[in-house]
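Examination of the molecular architecture
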Amino acid sequence: MAIECLVLGAGQEVGKSCVVVTINGKRIMFDCGMHMGYDDHRRYPDFSLISKSRDFDHSLDCVIITHFHLDHVGALPYFTEVCGYNGPIYMTYPTKALAPLMLEDFRKVLVDRRGEEEQFTSLHISQCMQKVIAIDLKQTLQVDDDLQIRAYYAGHVLGAAMFYAKVGESAMVYTGDYNMTPDRHLGAAQIDRLELDLLITESTYATTIRDSKYAREREFLKAVHECVAGGGKVLIPTFALGRAQELCILLDDYWERMNLKVPIYFSAGLTIQANMYYKILISWTSQKIKETYATRNAFDFKHVHNFDRSLINAPGPCVLFATPGMISGGFSLEVFKQWAPCEMNLITLPGYCVAGTVGHKLMSGKPTKIVLDKDTQIDVRCQIHQLSFSPHTDSKGIMDLARFLSPKNVILVHGEKPKMVSLKERIQSELRIPCYLPANCDTVHIPSTTYVKAHASNAFIRSCLNPNFRFLKRSTEENSDQVLRNTNSTAPLQVNDERVAEGILIMEKGKKTRVVHQDDLLLMLRQKKHDIQFGYCCAAQLDNLEETGNRDGALSHSDKCSCLQLLFKELSNYFSGVNIQDLGEHLQVESFQVSVCLKDNCPYRIIDSPRKEAATIFFCCSWSAADEKLAREIISAIERFNLSDNLPCKNSK
C-alpha cells in the first residue's frame, strides 16, 4: 500500500504547518498551525479537505503536535472546539505546559489589542488542552492495535520533538522544526537510525550554511553594545519562548562580564511565566545548563527585568525583548512605531520572519517607510540589524539527517519554493533519494514496504532442519568456493553445516500464500523430478600403457584400479584443500564423479581421433550445475596430468 500525504499547510511556504498522512489505512494529522502573515481565511488550514462532511473523529486516528510555536499549534483550539474534533492529541509534556501560554497571548493580541473577531476563546484553549495526551521522549506509544508513535528530541525550542510513526511494516518520521547543532540552552536533535519509507522534513533554511555560532554572537553583542553606548534603544522582537531565553542568557552573561548598567527588559508577563517553566523543565535543556543547575539556574537572570509600558518613551538607553516575534502585531509592533523614527535606535531581528509581517519587510531591504494599512504609515530611520539566531537547522543539517536516516523517500515542507527546489536537487543527486515538495492542498503518494505472511509446508520446514555437511581441508579465513592449488601444508579437516532454506513461494488467488519444498511443487503439478547432469570424457597421458596392460591395449580390473588410485593421488596433491573420496569404481568431490572410461567411442568424448598407441587414458566425468566451476578446474588438471611416472610395470607373457 502507498503512504498518502495531504499537505494542508507549510507547502512551499513557512506558516500554518499541517500535514495529514495516511499509512496502511491509519490517518494522522501532524501539527495544526496558523499562518502569522494572514488575517483572512488563509490563516488556518483548509480542514474540509480532510472530510467534506466534517466528521473529523472518523477521518483521523490522532493529531500530533511537534512543539508550541503558533505556526504549529495555533489552529488546534479552533480545530477541536469549533470544528469539533474530539479524537486523541499527542505532544510532549513541555509542549502541553507551554502551548496554552502562547495560544492565550495570541488570542489577547487579536481580540483585546487589534479588535479582530474572536476565533476561539480562553475556554476553548482550556478544553482543547484537556484532550491532550502527553508523551515522553523515546516512549513508544500504541495509539491502537496497528499504529505506534515515538517522540525524539528535536532541539529548536523546549519540548520540541520529531515523531516516528509505524503501521505494520510501513514507517515514517515527521520532523517538525529541529536544530542539528546545540546552542546555549538547548541540545542538538537526536534520533535513532530507523528503517523508513518516508521522511517529512522542514526546509526553512534549505540553501543556507551558517557560519560559526560564536562569530554571530560577537556580531550581535557588538551591535547591541554600540547602540546603547551611543544612548540608543534596542528592540529585539521575539517570541516569549525559545530565542528570548537564548539571547537573555547571552546578554546577561555579557552584561556581567562588561559590568554594564544599561537595563535589559522583558515585555509583559508571558516571558516571566515562560522562564518559570524553563526552570521546572530543566531536564529538557542543554547538557551545560543541566550540569550547572545545582549551583545556579541559568534562567535566573541578574540583569533582565520586567518592563512597564510607561517606560516606552523614557529617556536613556535600554534593551527590550518584546513579543511577538516578526513584529506581526502586539507589543513589539507598538514599540516599533515609537522607536523606528529615531536614528539612534536599533531593531535587531534574530530569526526568520514570515512574508506579510513587518519583520519580513524590514529584512527584505532598507525601507524608509512601512505601510501598515491605509491610515497608518511608519517612518523608519533607525538601524536595522539582521542576524540569524534561528533555532532551525541549516541545509547541512537537513542533508546530514537525510543521510543518517537514509529513508526511501523525502518530502520537504516549511520552506520557500526556490530554495526548496535547490535542496530537492541535492537530495536526489547526492543521496539518490526521491524527493518531493508539494504545495498546499496537494497530495503525494509514496510507495511503502509491504510484507506478506506465508505458511510453510512440513517438507520445507524439514529441509530447513536437515544438516548440509561439507568437509573441507581449509582454514576459516579461506572462502569456501575457492580451490587452493599447489599448497604443501596440510590444513585440518573442517566440517561446515551450510544449510540454506530454499523454497518456492506460491500465491494463488483466494488461497493463503505458501512456501513449499520443490517436492511439494512436483506433487502439486503432478510432475516427476528432473535432474540435469553434465558429462565429459577427458584424456590423461599414460605413455607406458602397453607394458602395463594386455597386448590388445585393454586395461584389466587391477590396472583400472591402479589408474584411478594414481588419479586420486594426483588430485589430492593438486587440490590439497578439497575432500576427495575414493569410492572404488569412481572418485567423488561434491557432485563431481570421475571413473576410468574403457569405451572406444564414448558419447561424452569430443576428440576426433581414437586412442593412439595406448598413450592416453580417458576418464568419464559427470557433475551437477551447482559444481560447474569445481568440475572445470578438476578436468583442466586431469588433462595436464601424466600418470605414467608411478604406474607399476608388469611383463606380458
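The structure reproduced in this document is the subject of the present report. Counting restarts for each chain, with residues numbered from 1 along the sequence as it is written. Given that this is a predicted model, residues contribute local features only at a pLDDT of at least 70 and side-chain atom pairs are listed and counted only at 80 or more, while totals for whole chains, interfaces and linings are drawn from all residues. Only hydrogens and water are set aside; all other atoms, that is, all heavy atoms of the structure, feed into the side-chain values.

Some words on the pattern of salt bridges
What counts is decided by this rule: Salt bridges are counted wherever a side-chain nitrogen of Lys or Arg sits within 4 Å of a carboxyl oxygen of Asp or Glu. Secondary structure elements follow DSSP: runs of H or I no shorter than four residues count as helices, runs of E no shorter than two count as strands, and numbering proceeds from the N terminus. Type-normalised accessible area, obtained with a 1.4 Å probe on protein chains alone, sets the label of each residue: buried when under 20%, exposed when over 50%, and partly exposed for intermediate values.
The full count for this structure, using the stated rule, is 18 salt bridges. A salt bridge links Lys26 to Asp144, with the nearest nitrogen and oxygen atoms 2.9 Å apart. You can see Lys26 sitting in strand β3 (residues 26-30) and its partner Asp144 sitting in the loop between β7 (141-142) and β8 (147-153), a full 118 residues away along the chain. The class for Lys26 is buried, based on a relative accessible area of 16%. A salt bridge links Asp146 to Lys26; its shortest N-O distance comes to 4.0 Å. A residue pair is termed long-range when its members are at least 10 positions apart, and Asp146 in the loop between β7 and β8 and Lys26 in strand β3 qualify at 120 residues. For Asp146, a relative accessible area of 43% puts it in the partly exposed group.

Regarding the packing of helix α6 (residues 213-229) against helix α7 (residues 243-258)
Stated formally: Whenever a helix is involved, its axis is fitted only over the stretch in contact; in every case the axis is a line through C-alpha atoms, and angles between N-to-C directions fall within 0 to 180 degrees. Helix crossings are classified by the rotation of the near helix relative to the far one: an anticlockwise turn of less than a right angle makes the crossing left-handed, while a clockwise turn makes it right-handed. Contacts between residues were defined by any pair of non-hydrogen atoms, one from each residue, lying within 4.5 Å. Polar here means any residue other than Ala, Val, Leu, Ile, Met, Phe, Trp, Tyr, Cys and Pro, which are nonpolar, and Asp, Glu, Lys and Arg, which are charged; Gly is therefore polar.
In contact at an axis separation of 11 Å, α6 and α7 are set at 65 degrees when each is read in the N-to-C sense. For the element pair α6 and α7, the recorded crossing hand is right-handed. For the pair α6 and α7, the contacting residues are Glu217, Phe220, Leu221, Val224 and His225 in the first and Leu247, Leu250, Leu251, Tyr254, Trp255 and Met258 in the second. When the residues that make up the contact of α6 with α7 are grouped by side-chain class, the tally is nine nonpolar, one polar and one charged.

Considering the sheet that holds strand β16 (residues 346-349)
What counts, and what does not: When DSSP finds at least two bridges between two strands, those strands are taken to pair.
In space, the six strands of this open sheet follow the order β14-β13-β15-β12-β16-β19, with parallel pairing throughout. Every other strand in the sheet has two partners, leaving β14 (304-306) and β19 (383-386) as the edge strands with one partner each. Between one strand and the next, the sheet's axes are offset by a mean angle of 25 degrees, whatever the strand orientation. Alignment of strand β13 (residues 264-266) against β14, held across three bridges, turns out to be parallel. Bridging from a neighbouring strand, Ile264 pairs with Val304 of β14. In the packing of α7 onto the sheet, contacts are made with β12 (233-237), β13, β14 and β15 (318-322), and the angle to β15 comes to roughly 165 degrees. Against the sheet, helix α10 (residues 330-339) touches β12, β15 and β16, its axis set at about 150 degrees to β12.

Quick notes on the sheet that holds strand β6 (residues 132-135)
Spatial ordering of the open sheet is given by β6-β5-β4-β3-β2-β1-β22, a layout of seven strands whose pairing is mixed. Looking at which strands have only one partner, the edges of the open sheet turn out to be β6 and β22 (443-447). Adjacent strand axes in the sheet meet at a mean angle of 25 degrees, parallel and antiparallel pairs treated alike. In this structure, strand β5 (residues 89-92) lies alongside β6, joined through four bridges in parallel fashion. Across the sheet, the residue bridging to Ile89 is Val132, located in β6.

Focus on the side chain of Lys16
As a reminder, the rule being used: Only four residue types enter the charge count: Lys and Arg as positive, Asp and Glu as negative, with His and the chain ends excluded.
Mapped onto the fold, Lys16 is located in the loop between β1 (2-9) and β2 (18-23). Glu13 provides the closest opposite charge to the buried, salt-bridge-free Lys16, at an N-O distance of 4.7 Å. Apart from residues no more than four positions distant in its own chain, Lys16 is found in contact with Leu8, Gly9, Ala10, Gly33, Met34, His35, Arg42, Arg43, Tyr44, Pro45, Asp71 and Asn440.

Some details on the pairing of β1
In terms of residue burial, β1 counts as a mostly covered element, since six of its eight residues are buried. As judged from the five bridges shared by β1 and β2, these two strands associate in the antiparallel manner. Residue pairing across strands places Glu4 opposite Thr22, the latter belonging to β2.

Points about the packing of aromatic side chains
Geometry of an aromatic ring pair is reported as the spacing of the ring centres plus the angle between the planes. As a reminder, the rule being used: Pairing of aromatic rings covers Phe, Tyr and the six-membered ring of Trp, with a centre-to-centre limit of 6.5 Å; geometry is then stacked below 30 degrees between planes, edge-to-face above 60, and tilted otherwise.
This structure, assessed with the given rule, holds 14 aromatic pairs. Judged by centre distance (4.9 Å) and plane angle (85 degrees), the rings of Tyr574 and Phe575 are edge-to-face. Like Phe575, Tyr574 is buried. Clustering of aromatic rings is evident, with ring pairs tying together Phe47, Phe56, Phe79 and Tyr85.

Things to note about a nonpolar patch on the surface
We apply this condition: What goes into a patch is any residue over 30% in relative accessible area without a salt bridge, connected to like charges within 9 Å or, for nonpolar side chains (Val, Leu, Ile, Met, Phe, Trp, Tyr), within 5 Å. Only the protein chains shown count as cover for residues, and all accessible areas are computed by the Shrake-Rupley method using a 1.4 Å probe.
Residues Val452, Leu505 and Met507 make up a contiguous nonpolar surface patch of roughly 320 Å² in combined accessible area. With respect to the secondary-structure elements, Leu505 resides in strand β26 (residues 504-506).

Quick look at helix α12 (residues 395-405)
Along α12, the positions that sit buried rather than exposed are Ser395, Gly397, Ile398, Met399, Leu401, Ala402 and Leu405. Residues of α12 that are buried sit in contact with β9 (161-167), β11 (198-202) and α13 (417-430).

Brief notes about helix α5 (residues 122-130)
Operational definition: Taking the helix axis as origin, the arc is that swept by the directions to the C-beta atoms.
Those residues of α5 that sit buried are Ile125, Cys128 and Met129. The arc that holds the buried residues of α5, viewed along the axis, is 95 degrees, so those residues lie on one side. Turned more than 90 degrees away from the buried face of α5, the exposed residues are Leu123 and Gln130.

Examining unusual backbone geometry
At Asp31, a residue that is not glycine, the phi angle is positive and equals roughly 70 degrees. Within the secondary structure layout, Asp31 lies in the loop between β3 and α1 (56-59). By relative accessible area, Asp31 is classed as buried at 0%. The phi torsion at Asn259 lies on the positive side, around 55 degrees, for a residue other than glycine. The residue Asn259 is located in the loop between α7 and β13 in this model.

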